[in-house]
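Residue strings, one per chain:
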Amino acid sequence: MRIVVVGAGLSGSLLAQGLSGAGVDVALYEREAPGQAQGYRIHIAPEGDLALRACLPADLYERVLATAAGRRGAGWRVLDPTLNVVQETLVPETAGEAEHGRHLTVDRLTLRRILVTGLDVQYATPFRRYELLDDGRVRVFLGDGRVDEADLLVGADGTHSPVRKQLLPHAEVVELGITEIFGRTPLTDEVHALAPAVAIDGFCAVTGTDGRFMPLAAHRFLPGAAGEDYLMWVVAGPAAMFPADLSTMDKPALRKTAADLVSDWHPSLSAIVGLGDPGSVHTTTMRTAQPVPPWDTVPVTLMGDAIHTMVPQGTSASVALRDAALLCRRVTEGPLLKAVHAYEAEMLEYGFAEVERSLRSASNH
Ligand SMILES: Cc1cc2nc3c(=O)[nH]c(=O)nc-3n(C[C@H](O)[C@H](O)[C@H](O)COP(=O)(O)OP(=O)(O)OC[C@H]3O[C@@H](n4cnc5c(N)ncnc54)[C@H](O)[C@@H]3O)c2cc1C
């Protein structure tokens, strides 16, 4: 059996690891050149930990644990613009956490590097389109003119998934009218002193009364791990509060826009943004996928943000990893189309339940 996976992000790489470990012939195509992925702190919920454990060789899983921040990422605080804590939600450490999955906080770039270890990723090779063949297989057309054939094509190609656009042209991803500028500031002594203590200790979000909010969280590498500690920040709010030419701004201008947007809040916040590494600054908009009714199963399927993009609430990566582990398990149990159908039925249920939960949770803040 041969499987083509499009997208060497979190779910695509994990699926490729699991399938290779089970002896399946896998090709993994990634649009970007190596090293283009962004590094920011990411929270992995317990189901993501279980998926990593199920699909990764033991030594790579140990590397994930060894590079995850020592502190649990289980909890968050809400601050007002003067940096007073107004709400605290902490998930207590539970017995048996190791068996039932851990909360992990990892640097996304470090995790992606571990996930592709040992895989022959075809970088700078974007997916263009596919064709279903009469013999039940699928032909995949790639940006560099190459053509591949497989028993199954898996789109793990993120929110703007070209695989989804061909498979489910009616599937909708809705813009929520919230713009975000995000980046990283090296965690120097100066920044340590400027940052709210709860951002050093875990995840927090400063929220205004006008729709603006600013998540902040430090990522500190464990001793011996390669990487410089940083403070991740996001400046978010209604799109109308951001300049119209945001998408054409260079990175220093984006950073200045983010700093200016919180300049009437506690002065530490714009100072932290102003000290940000310009190379790390990006802008995006918040989106959520609309529920998709089940479709007739063909040898093409979807995982992660490609099917159930959700509002960031610290769980979308874990759901994407769960998809990879589930699809891997089903496919190795076979027969193939039945396995894909069973995967899709289960994934659509928990995936869109989480989309809805994330949307509700975000609108309650
Ligand atoms: C600043 C920020 C912070 C976040 N923090 C968290 C967090 O704390 N917890 C959490 O759960 N989630 C978080 N997320 C969201 C999380 O990163 C995503 O949900 C997760 O990466 C989804 O995994 P995925 O495998 O579906 O897609 P991705 O990891 O996005 O991978 C998709 C891959 O497909 C590739 N691709 C796209 N198009 C093509 C093509 N045509 N051909 C080939 N390859 C293609 C892309 O280059 C990419 O490598 C955060 C996101 C951002 C931006």
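Note that the structure is a prediction, hence the values are computed from the model and not measured.

## Concerning the nonpolar core
Buried together is how nonpolar side chains tend to be arranged in soluble globular proteins. With 73 residues, the main nonpolar core has L14, L15, L52, L153 and I307 as its most contacted residues. Ranked by residues supplied to this core, first place goes to helix 12 (residues 316-333) with nine residues. Not counting chain neighbours up to four residues away, the residues in contact with L15 comprise V5, V154, M303, A324, L327 and C328. Judged by nonpolar contacts, the second largest core, of 30 residues, contains C204, A218, V235 and L269.

## A few points about the pattern of salt bridges
Counted according to the given criterion, the structure contains 22 salt bridges. The closest approach of N and O atoms between R322 and E47, which form a salt bridge, is 3.2 Å. Of this pair, R322 sits in helix 12 while E47 sits in helix 2 (residues 46-55), and the two are 275 residues apart along the sequence. Residue classification places E47 among the partly exposed positions, given a relative accessible area of 26%.

## Digging into helix 2
When helix 2 is considered as a whole, its buried residues turn out to be G48, D49, A51, L52 and C55. Down the axis, helix 2 shows its buried residues gathered within 160 degrees of arc, on one side only.

## Quick look at the domain arrangement of the protein
What the domain assignment lists for the protein is domain 1 (2-70 + 106-172 + 290-363) and domain 2 (175-287). Across the contact, 20 residues belong to domain 1 and 18 residues belong to domain 2. Summed over both partners, the interface of domain 1 with domain 2 buries about 1400 Å², with 64% contributed by carbon and sulfur atoms. When the buried surface of domain 1 facing domain 2 is broken down by residue, Q38, R41 and D107 rank first, second and third, together holding 37% of it. In this assembly, domain 1 and domain 2 are joined by zero salt bridges. Across the contact surface, domain 1 and domain 2 share four residue pairs in polar contact (both at pLDDT 80 or more). By residue number, the principal contributor to the side of domain 1 that touches domain 2 is helix 3 (residues 58-67), which donates three residues. Considering only residue class, the side of domain 1 that touches domain 2 consists of 10 nonpolar, eight polar and two charged.

## Points about the sheet that holds strand 10 (residues 147-150)
Spatial ordering of the open sheet is given by 8-9-10, a layout of three strands whose pairing is antiparallel. A strand with exactly one partner marks an edge of an open sheet, and here the two such strands are strand 8 (127-132) and strand 10. Mean inter-strand twist for the sheet, computed between neighbouring axes without regard to direction, equals 25 degrees. With five bridges connecting them, strand 8 and strand 9 (residues 138-142) associate as antiparallel partners. The residue of strand 9 that forms the bridge with L132 is V138.

## Considerations on the packing of helix 12 against helix 13 (residues 336-363)
Where helix 12 contacts helix 13, the axes come no closer than 9 Å and their chain directions differ by 160 degrees. The orientation of helix 12 with respect to helix 13, classified from their angle, is roughly antiparallel. Here the hand of the crossing between helix 12 and helix 13 comes out right-handed. Contacts between helix 12 and helix 13 pair V319, R322, D323, L326, L327, R330 and V331 from the former with L336, A339, A342, Y343, E346, M347, Y350, G351 and E354 from the latter. Partitioned by chemical class, the residues of the contact of helix 12 with helix 13 number 10 nonpolar, one polar and five charged.

## Quick notes on the packing of aromatic side chains
Here the structure, examined in full by the defined rule, presents two aromatic pairs. Each ring, one from Y40 and one from F182, has its centre 5.8 Å from the other, and the planes form 80 degrees; the classification is edge-to-face. Residue Y40 is found in the loop between strand 2 (25-29) and strand 3 (41-44), and its partner F182 is found in strand 12 (residues 173-186); the two are separated by 142 residues along the sequence. Taken together, a centroid distance of 6.4 Å and an interplanar angle of 65 degrees make the contact between F221 and Y230 edge-to-face. For the pair formed by F221 and Y230, the shared burial category is buried. Seen from the ring of F141, R129 lies directly overhead, with NZ or CZ sitting 3.9 Å from the centre. Positioned above the aromatic ring of Y350, the side-chain terminus of R322 is 3.6 Å from the ring centre.

Definitions and cut-offs
Residues numbered from 1 in each chain as written. Predicted model: local features only at pLDDT ≥ 70, side-chain atom pairs only at ≥ 80, totals over all residues. Heavy atoms only, no water. Core = buried A, V, L, I, M, F, W, Y, C linked by side-chain atoms within 4.5 Å. Buried < 20%, exposed > 50% of the residue type's maximum accessible area, 1.4 Å probe, protein only. Helix = DSSP H or I, 4+ residues; strand = E, 2+ residues; numbered from the N terminus. Contact = heavy atoms within 4.5 Å. Salt bridge = Lys/Arg side-chain N within 4 Å of Asp/Glu carboxyl O. Arc of directions from axis to C-beta. Domains from an automatic or database assignment. Buried area = accessible area lost by both parts, 1.4 Å probe. Polar contact = N/O pair within 3.5 Å; in protein donor to acceptor, adjacent residues only side chain to side chain. Nonpolar A, V, L, I, M, F, W, Y, C, P; charged D, E, K, R; others polar. Pairing = 2+ DSSP bridges. Axes fitted to C-alpha atoms, helices over the stretch in contact; angles between N-to-C directions. Parallel < 35°, antiparallel > 145°, perpendicular 65-115°, else oblique. Left-handed = near helix turned anticlockwise from the far one by under 90°. Phe/Tyr/Trp six-rings, centres within 6.5 Å; stacked < 30°, edge-to-face > 60°. Lys NZ or Arg CZ within 6 Å of the ring centre and 35° of its normal.

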